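Here are the chains, one letter per residue:
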Amino acid sequence: ASAEVTNVVPEQVHQLDRAVYNVILLDFRERMVNRVAAEYQLTANLSADRVAITEWISPNTETKLKAFSSKANRWMPSAHDRDRWHQFMISQFADGNRLPVDILRQWLVEEEGWPEERATELSVEFEHGAELLAAYEHTAQ
């Protein structure tokens, strides 16, 4: 059996920077996880503080996402931007749709330098697109 912390959601601020996020996780590990793990003779592992996007998407899909990100107009998308975005979405769906929306948003902001507002809009669009593709796949069967 395994358990994992997938996100830390702040209640009083809009978002946490990477350092604060990691301090919270380390504190949680020290106060709670290690104590329970020792009591039940379990092993507690902590992953690296940075994980490559290819943890969730294939190298082929990563190439499509990076092509979109590097060439897109970040405020006024063009038809070419839409085409590249759709190619990325279709590719990741074909891979098994494993990319969490919050990871996509975080990657766009932290790794690619997208404005938070636009990254949030794209993440919402990504989530809706994944739902649409899943619904289409379900009805096509």
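Residues numbered from 1 in each chain as written. Predicted model: local features only at pLDDT ≥ 70, side-chain atom pairs only at ≥ 80, totals over all residues. Heavy atoms only, no water.

S.K.: Please explain the packing of helix α4 (residues 101-111) against helix α5 (residues 116-140) as it appears in this structure.
M.R.: Packed helix pairs are specified by the crossing angle of their axes together with the interaxial distance, meaning the distance between the axes. Between α4 and α5, the least distance of the axes is 9 Å, while the angle of their chain directions is 150°. Classified by the angle between their axes, α4 and α5 sit roughly antiparallel to one another. Helix-helix and strand crossings are classified by hand; for α4 and α5 the assignment is right-handed. Taken together, the residues of α5 that come into contact with α4 (itself represented by V101, L104, R105, L108 and V109) are E116, A119, T120, L122, S123, F126 and E127. (Axes fitted to C-alpha atoms, helices over the stretch in contact; angles between N-to-C directions. Helix = DSSP H or I, 4+ residues; strand = E, 2+ residues; numbered from the N terminus. Parallel < 35°, antiparallel > 145°, perpendicular 65-115°, else oblique. Left-handed = near helix turned anticlockwise from the far one by under 90°. Contact = heavy atoms within 4.5 Å.)

S.K.: Help me understand the pattern of salt bridges, please; the structure alone is not making it clear to me.
M.R.: Oppositely charged side chains can form a pair if their charged atoms are brought close together. Summed over the entire model, instances satisfying the criterion amount to six salt bridges. Across the salt bridge formed by D27 and R31, the nearest N and O atoms sit 2.8 Å from each other. In this pair, D27 and R31 both sit in helix α1 (residues 18-39), four residues apart, roughly one turn of the helix. We classify D27 as partly exposed; its relative accessible area is 36%. (Salt bridge = Lys/Arg side-chain N within 4 Å of Asp/Glu carboxyl O. Buried < 20%, exposed > 50% of the residue type's maximum accessible area, 1.4 Å probe, protein only.)

S.K.: Quick question: what am I supposed to make of the nonpolar core here?
M.R.: Soluble globular proteins: nonpolar side chains tend toward being buried together. With 18 residues, the main nonpolar core has W85, F88, L99 and L104 as its most contacted residues. Secondary-structure elements contributing two or more residues to this core are α2 (59-71), α3 (79-95), α4 and α5. Sorting elements by how many residues they give to this core places α4 first, with five residues. Beyond its immediate sequence surroundings of up to four residues, F88 is in contact with T61, K64, L65, L99, L104 and F126. (Core = buried A, V, L, I, M, F, W, Y, C linked by side-chain atoms within 4.5 Å.)

S.K.: Would you take a moment to explain the confidence of the model for the chain for this structure?
M.R.: Detailed reading of the predicted model is not advised wherever pLDDT is low. Averaged over all residues, the pLDDT of the chain equals 89, while 98% of them reach at least 70. Per-element confidence in the chain is highest for α2, whose mean pLDDT is 97, and lowest for α1, whose mean pLDDT is 85. (pLDDT = per-residue confidence, 0-100.)

S.K.: Could you clarify how one ought to interpret the layout of surface pockets in this entry?
M.R.: If you roll a probe as big as a water molecule over the atoms, it shows you where there is empty space left. By volume, the largest pocket amounts to about 1900 Å³. Around the largest pocket sit 49 residues that line it, and V5, T6, N7, Y21 and L25 are the ones nearest its centre. Looking at the lining of the largest pocket, the elements that each hand over two or more residues are α1 and α4. With 11 residues, α1 is the single largest residue contributor to the lining of the largest pocket. A breakdown of the residues in the lining of the largest pocket according to their chemical character gives 27 nonpolar, 11 polar and 11 charged. (1 Å grid on protein atoms, 1.4 Å probe; cavity = no way out; pocket = protein on both sides within 12 Å on 5 of 7 lines; lining within 4 Å. Points joined across faces, edges and corners; volume = space filled by probe spheres on them. Nonpolar A, V, L, I, M, F, W, Y, C, P; charged D, E, K, R; others polar.)

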